[in-house]
Amino acid sequence: MGRAFEYRKAAKMKRWGHMARTFTKIGKQIAIAVKAGGPEPENNPTLRAIIANAKRENMPKDNVERAIKNAMGKDQSEYKEVTYEGYGPHGIAVFVETLTDNTTRTVGDVRSVFNKFNGNLGTQGSLSFLFDHKSVFTFKKKDGIDMDEMILDLIDYGVEDEFDADDEAGEVTIYGDPKSFGDIQKHLEENGFEVTGAEFTRIPNDLKDVSDEERETIDKMVERLEDFDDVQTVYTNMKPKE
């Protein structure tokens, strides 16, 4: 398994710890996708990708349909993507992705956690060099497919030659340029692949070792951040526990 896969696997064991919060976060993603591209999944590739992720997280179909319907309402809040970056305890880089309809509230919440854990919230973009931004697609592997040849077909879309195969689930995960998200999704769908997950992620390019005591403190900070409904994902450059 590659570096990106191992980091994402360890991180996801901590993410979406509470089902209700998971569905709230996905609901916000659906709202943005519907506002941008309409409520019909067949005509909205971003919405299709989010629905695939919702299924992967066991979000009931009724919840998804209700979120789409709510997103079409006139009183629906307008969400926007905002990131917050800084250093947490023990010099660990912390990157926070949010979807918010009130940036004043969100920055106040995020700053309060950084302060509580003696961290320092920096300016937007100040730590982006520490994380590789990637688009990630997971799909069902088809019989007779040569993955090396498939990757060659996708190189023009910025897809990396590193991929991860989960033989037990019969799935393959590939990584590519985030700017090519739509093109990669279109290529997979047009070639008959069942996409079971599609998202953006950030992979730290330099993992930092910490002691068990330090890890406990950092985990508490991440959990506190993830408690906020506005927070979608929290990334750190802390080395995953083996």
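A brief report on the enclosed structure follows. (Residues numbered from 1 in each chain as written. Predicted model: local features only at pLDDT ≥ 70, side-chain atom pairs only at ≥ 80, totals over all residues. Heavy atoms only, no water.)

On to the sheet that holds strand S3 (residues 120-121), then. Taken in spatial order, the four strands of this open sheet run S3-S1-S2-S8, and their pairing is antiparallel. Every other strand in the sheet has two partners, leaving S3 and strand S8 (231-236) as the edge strands with one partner each. Pairing of strand S1 (residues 80-87) with S3 involves two bridges; the strand directions are antiparallel. By the bridge assignment, Tyr-87 is partnered in S3 with Asn-120. (Pairing = 2+ DSSP bridges. Helix = DSSP H or I, 4+ residues; strand = E, 2+ residues; numbered from the N terminus.)

A word on the nonpolar core. Ranked by size, the top nonpolar core spans 17 residues in total, and within it Val-94, Val-96, Phe-114, Ile-218, Met-221, Leu-225 and Val-234 carry the most contacts. The element contributing the most residues to this core is helix H8 (residues 212-226), with four residues. With residues up to four places along the chain from it excluded, the contact list for Val-234 reads Val-94, Phe-95, Val-96, Val-222, Leu-225 and Glu-226. (Core = buried A, V, L, I, M, F, W, Y, C linked by side-chain atoms within 4.5 Å. Buried < 20%, exposed > 50% of the residue type's maximum accessible area, 1.4 Å probe, protein only. Contact = heavy atoms within 4.5 Å.)

The backbone of His-90 shows a phi angle near 65 degrees, a positive value even though the residue is not glycine. His-90 gets classed as partly exposed once you look at its relative accessible area, which sits at 38%.

Attention now moves to the sheet that holds strand S5 (residues 163-166). A sheet is described by the order of its strands in space; here four strands give the open sequence S5-S6-S4-S7, paired in antiparallel fashion. Looking along the sheet, the strands with just one partner apiece sit at the ends: S5 and strand S7 (195-204). Shown here is a sheet whose adjacent strand axes are inclined to one another by a mean of 20 degrees, direction ignored. Looking at chain direction, strand S4 (residues 131-140) and S7 are connected through nine bridges and run antiparallel. (Axes fitted to C-alpha atoms, helices over the stretch in contact; angles between N-to-C directions.)

On to the pattern of salt bridges. On inspection of all chains with the given rule, the structure shows 12 salt bridges. Between Lys-239 and Asp-209 there is a salt bridge; the shortest N-O distance is 3.7 Å. You can see Lys-239 sitting in the segment after S8 and its partner Asp-209 sitting in the loop between S7 and H8, a full 30 residues away along the chain. Judged by its relative accessible area of 29%, Lys-239 falls in the partly exposed class. Taken together, the shared-partner salt bridges connect Lys-28, Asp-101, Arg-105 and Asp-230 into one network. (Salt bridge = Lys/Arg side-chain N within 4 Å of Asp/Glu carboxyl O.)

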